[in-house]
Amino acid sequence: MNRYPLWKYLLILASVLLALIYTIPNFYGESPALQISSGRATVKVTPDMVERANTIAKATGLTPVDSFFENGSVKVRFQDTDSQLKAKDAIQAALGDDYIVALNLISDTPVWLTKLHAKPMVLGLDLRGGVHFLFEVDMKAAIDKALEKTAGDIRRELKDKKIRYGKVSRERDRVEVQLRDAETLKAANAAISKILSNLKVQTVAEEGNYKLIVTFPAAAVLQLKNDAVTQNITTLHNRINELGVSEPVIQQQGEGRIVVQLPGVQDTAKAKDILGRTATLEVRMVEDDQAKLAEAISGNVPAGFELMSERRNDGKNVPILLRKEVELTGENINDAQAGFDDKNEPAVHLGLDSTGAAIFKTLTRENVGKRVAMILVEKGKGEVVTAPVVRGEIGGGRVQISGSMGVAEANDTALLLRAGSLAAPMNIVEERTIGPSLGKENISKGFNSTMYGFVAIAIFMMLYYRVFGVVSTIALAANLVFLLALLSLLGVTLTLPGIAAIALTLGMAIDSNVLINERVREELRSGATPQMAIKNGYEHAFATILDSNITTLIAGLALLIFGSGAIRGFAWVHCIGILTSMYSAVFVSRAMINLIYGNRRVTTLSV
């Protein structure tokens with residue numbers, strides 16, 4: 001007799017039921033929605049925004065289907081895209097530029113399924129719709145920026161070492177340092193070579209012409225370009241994560257290009273705004289002359305000054321007069337971490353490079369008793385985060401920003417300062433928007449092609465192999481359920497090539513059942529009893545199935561490792577499909593055959 005122990009039947013049944021649960025969310029679809037998130041680091045979205053957004057929408061004559069607060073943003077769901085677009089204009093106008101109101105799509109999966117972490121598959125741009133950008137990083141600007149920074153480091157080091165120099169200038173792809181004699185040339189060479197060990201330092205010693213020439217070797221230029229692309233990718237990730245776009249694709253393409261794909265986002269202008277967001281820090285001196293402050297408040301701002309507002313701990317904004325000269329910028333920040341100050345209040349701890357540390361040390365030494373303002377500049381707007389009084393000289397390159405901020409705001413501010421600015425400017429060389437209607441059409445075509453293929457295979461198997469063909473068809477359906485469930489659980493992005501891989505997987509999965517069925521027929525022709533034919537057919541076919549699937553899996557892994565974009569999407573579905581097909585073709589079908597024939601004596605098999 002061919003029988004499985006009870007635990008094995010229960011295990012297979014449980015796996016099928018779990019797969020069904022995690023496949024179901026894919027059939028609920030998505031609804032048009034708005035996502036309200038913070039447009040500036042100092043402005044936070046709170047749960048109160050849900051009621052505010054609903055009130056604005058209802059005042060426009062629109063009633064949201066649902067609205068909720070999640071992960072620092074508010075999502076408002078609507079019945080159709082017309083209501084979505086009308087509500088967006090109304091809510092954006094009411095909230096102003098401090099908030100981002102973006103078009104998005106939200107899954108209609110029931111709450112009880114989301115609590116089980118069951119969610120639909122992540123759909124690629126070609127299936128869900130969205131925006132696609134191809135950015136090109138301005139490598140020349142990155143190199144120019146590095147040369148300017150190098151020139152500043154050299155000036156600071158020579159000044160600290162009290163080495164007299166004539167001029168430090170950037171000439172094309174190098175920095176030149178003019179010196180007065182051979183002695184200062186030697187001292188400057190030793191000092192600069194120590195702090196710029198990865199750069200090439202050459203000396204020119206001629207009568208009346210003593211100078212150092214600092215250049216970037218080929219390896220340093222290549223590293224500089226790679227670092228610029230890496231930092232820009234990190235910055236783009238941070239900007240997009242603030243909006244909460246699900247599964248964005250941000251990856252390097254070629255030497256200096258970056259691909260950005262935002263599935264579900266239909267607002268190209270808003271997407272550009274998000275990607276262009278940067279933040280940096282400015283340090284300026286505060287003018288505490290009350291007469292000048294009063295004059296500025298009255299509308300007559302003195303020349304060389306700027307009137308801004310400072311947020312106090314009580315939540316009120318008070319006017320503050322600042323000098324326009326920027327003493328220090330975020331360019332000199334090499335680290336920013338959220339933490340707490342000595343009063344156990346949230347703060348941001350900054351690490352400055354050698355140039356920034358020296359500037360801040362001199363600034364605090366020369367301005368003891370005066371106020372210095374830390375200004376967070378984002379999207380062209382500045383806001384005073386804190387303006388403490390300088391109590392003494394601050395050295396070591398460690399600076400602390402504290403004030404009227406919470407823990408979440410300190411984390412966000414640190415994030416913006418740490419990776420808020422682009423290493424080099426970028427130009428959009430390609431821009432594409434794929435509408436949701438085209439995505440639905442692609443899904444429909446992909447679904448129909450897979451369904452027709454499945455039906456054709458099922459008809460052939462049931463006609464040719466009869467009962468064994470019916471079992472094979474059910475196992476094939478189980479394989480499809482397993483595949484969809486795993487794709488949903490693992491968060492693999494499904495694209496049109498992925499749908500092609502699903503269709504291919506169905507053909508390969510049924511091939512395993514064909515091998516089993518033919519082996520059972522062969523055993524029967526050899527004179528084996530029905531029960532022995534089932535046992536030998538599955539056992540002998542398993543080795544062949546394993547070998548063929550392993551070789552195919554190797555090819556799929558090669559595509560996964562060395563491929564990119566759509567090729568990787570195809571490879572993911574292909575590799576997962578091989579594993580699910582082996583399980584369903586061998587174990588699920590064997591369990592059903594055992595239930596049909598294994599518990600009784602039979603004289604013939606319908607195969």
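Everything in this summary refers to the structure shown in the same document. (Residues numbered from 1 in each chain as written. Predicted model: local features only at pLDDT ≥ 70, side-chain atom pairs only at ≥ 80, totals over all residues. Heavy atoms only, no water.)

**Some details on the overall build of the chain**
Each helix and strand in the chain was counted, giving 16 helices and 23 strands. At a minimum sequence separation of 6, the contacts of the chain that also span at least 24 residues come to 71%. With the model as given, the accessible surface of the chain reaches about 29,500 Å², and the carbon-plus-sulfur share is 56%. (Helix = DSSP H or I, 4+ residues; strand = E, 2+ residues; numbered from the N terminus. Contact = heavy atoms within 4.5 Å. Areas by Shrake-Rupley, 256 points an atom, 1.4 Å probe, with all protein chains shown as cover.)

**Section: the packing of aromatic side chains**
Here the structure, examined in full by the defined rule, presents seven aromatic pairs. Taken together, the aromatic side chains of Phe460, Tyr464 and Tyr465 make up a single cluster linked through ring pairs. Here Lys8 stacks its cationic end above the ring of Tyr4, 4.6 Å away from the centre of that ring. The aromatic ring of Tyr464 is capped on one face by Arg521, whose charged end is 4.6 Å from the ring centroid. (Phe/Tyr/Trp six-rings, centres within 6.5 Å; stacked < 30°, edge-to-face > 60°. Lys NZ or Arg CZ within 6 Å of the ring centre and 35° of its normal.)

**Considering the sheet that holds strand β4 (residues 99-107)**
Overall, antiparallel pairing links the four strands, which are arranged β2-β3-β1-β4 in an open sheet. Of all strands in the sheet, those with a lone pairing partner are β2 (66-70) and β4, marking the two edges. For this sheet, the mean inter-axis angle between neighbouring strands, taken without regard to orientation, is 25°. Each of β1 (30-38) and β4 is contacted by helix α3 (residues 81-95), which is oriented at about 155° to β4, the strand it contacts most. (Pairing = 2+ DSSP bridges. Axes fitted to C-alpha atoms, helices over the stretch in contact; angles between N-to-C directions.)

**With respect to the side chain of Thr109**
Along the polypeptide, Thr109 turns up in the loop between β4 and α4 (111-114). Within the local environment of Thr109, its side chain forms a polar contact with the side chain of Ser107, the two groups lying 2.6 Å apart. When residues no more than four places from it in sequence are discounted, the contact partners of Thr109 are Pro25, Tyr28, Thr114, Ala118 and Pro120. (Polar contact = N/O pair within 3.5 Å; in protein donor to acceptor, adjacent residues only side chain to side chain.)

**So, the pattern of salt bridges**
Oppositely charged side chains are able to pair whenever their charged atoms sit close together. Within this structure, the stated rule accounts for 18 salt bridges. Where Asp181 meets Arg180, a salt bridge forms, and the shortest distance between an N and an O atom there is 3.6 Å. Look at Arg180 and you get exposed, because its relative accessible area is 52%. The partner of Lys225 in a salt bridge is Glu255, and the shortest N-O contact between them spans 3.7 Å. Of the two residues, Lys225 is situated in helix α8 (residues 218-243) and Glu255 in the loop between β11 (249-253) and β12 (257-263); the sequence distance between them amounts to 30 residues. Because the salt bridges share partners, they merge into one network encompassing Asp66, Arg77 and Asp108. (Salt bridge = Lys/Arg side-chain N within 4 Å of Asp/Glu carboxyl O. Buried < 20%, exposed > 50% of the residue type's maximum accessible area, 1.4 Å probe, protein only.)

**Digging into the nonpolar core**
In terms of nonpolar packing, the biggest core is built from 38 residues, with Phe468, Leu476, Val520, Ile534, Ile593, Tyr597 and Leu605 touching the most fellow members. Secondary structure elements with two or more residues in this core: α1 (6-23), α13 (436-490), α14 (496-525), α15 (530-562) and α16 (566-597). The greatest single-element share of this core, amounting to twelve residues, is contributed by α13. In this view, Ile593 contacts Phe468, Val471, Ile534, Tyr538 and Gly598; residues no more than four positions away in its chain are not counted. Of all hydrophobic cores here, the second largest spans 22 residues; its members include Leu147, Ile163, Phe216 and Leu224. (Core = buried A, V, L, I, M, F, W, Y, C linked by side-chain atoms within 4.5 Å.)

**So, a nonpolar patch on the surface**
The grouping of Phe447, Met451, Tyr452, Val455, Ile459 and Leu463 at the surface amounts to a nonpolar patch, some 630 Å² of accessible area in total. Relative to the assigned elements, Leu463 resides in helix α13. Classification of Leu463 as exposed rests on a relative accessible area of 69%. (Patch = residues over 30% accessible without salt bridge, like charges linked within 9 Å, V, L, I, M, F, W, Y side chains within 5 Å.)

**Here we look at the packing of α14 against α16**
Orientation of α14 relative to α16, taken along the N-to-C sense of each, is 25°, at an axis distance of 8 Å. Taken together, α14 and α16 sit at an angle that is classed as roughly parallel. Here the hand of the crossing between α14 and α16 comes out right-handed. For the pair α14 and α16, contact is made by Pro497, Gly498, Ala500, Ala501, Ile502, Leu504, Thr505, Met508, Ala509, Ser512, Asn513 and Ile516 and by Ala566, Gly569, Phe570, Val573, His574, Gly577, Ile578, Ser581, Ala585, Val586 and Ser589, respectively. Looking at the contact of α14 with α16 residue by residue, the class counts come to 14 nonpolar, nine polar and no charged. (Parallel < 35°, antiparallel > 145°, perpendicular 65-115°, else oblique. Left-handed = near helix turned anticlockwise from the far one by under 90°. Nonpolar A, V, L, I, M, F, W, Y, C, P; charged D, E, K, R; others polar.)

**Topic: α16**
For α16, which comprises 32 residues, the first-to-last C-alpha distance of 45 Å matches the rise-based estimate of 46 Å (1.5 Å per residue) to within 8%. Remark: the principal bend of α16, roughly 30°, maps to Ser584. (Expected span 1.5 Å × (residues − 1). Bend = angle between axes of the 7 residues up to and from the residue.)

**Quick notes on α14**
Here α14 contains 30 residues, and its C-alpha end-to-end distance of 44 Å stays within 8% of the 44 Å for a straight helix at 1.5 Å per residue. Gly527, located one to two residues past α14, shows a positive phi value of around 95°.

**Some remarks on the sheet that holds strand β6 (residues 130-137)**
The strands that make up a sheet pair up through hydrogen bonds in the backbone, lying either parallel or antiparallel. Spatial ordering of the open sheet is given by β11-β12-β6-β22, a layout of four strands whose pairing is antiparallel. With one partner strand each, in any of the chains shown, β11 and β22 (426-434) form the two edges of the open sheet. Put simply, the sheet's adjacent strands are angled 15° from each other on average, direction ignored. In terms of strand pairing, β6 meets β22 through eight bridges, oriented antiparallel.

**Some remarks on the side chain of Asn594**
Here Asn594 lies in helix α16. Once you skip the residues sitting within four places of it in the chain, Asn594 turns out to touch Asn2, Arg3, Tyr4, Tyr9 and Asn599.

**Considering the environment of Glu522**
Relative to the helices and strands, Glu522 is located in helix α14. Residues Glu522 and Ala533 lie eleven residues apart in sequence; the distance between their C-alpha atoms is 8.2 Å.

**A short note on the packing of α15 against α16**
Contact pair α15 / α16: the axes reach a minimum separation of 9 Å and the direction vectors enclose 175°. Compared by their axis directions, α15 and α16 come out roughly antiparallel. Its residues placed into classes, the contact of α15 with α16 shows 21 nonpolar, seven polar and three charged.

**With respect to unusual backbone geometry**
The backbone of Lys162 sits at a positive phi, close to 55°, despite the residue not being glycine. Counting through the fold element by element, Lys162 comes out in the loop between α6 (139-160) and β7 (167-171). We classify Lys162 as exposed; its relative accessible area is 73%. The backbone phi angle of Arg172 is positive, close to 55°, even though this residue is not glycine. Note on placement: Arg172 falls in the loop between β7 and β8 (174-179). Residue classification places Arg172 among the exposed positions, given a relative accessible area of 78%.

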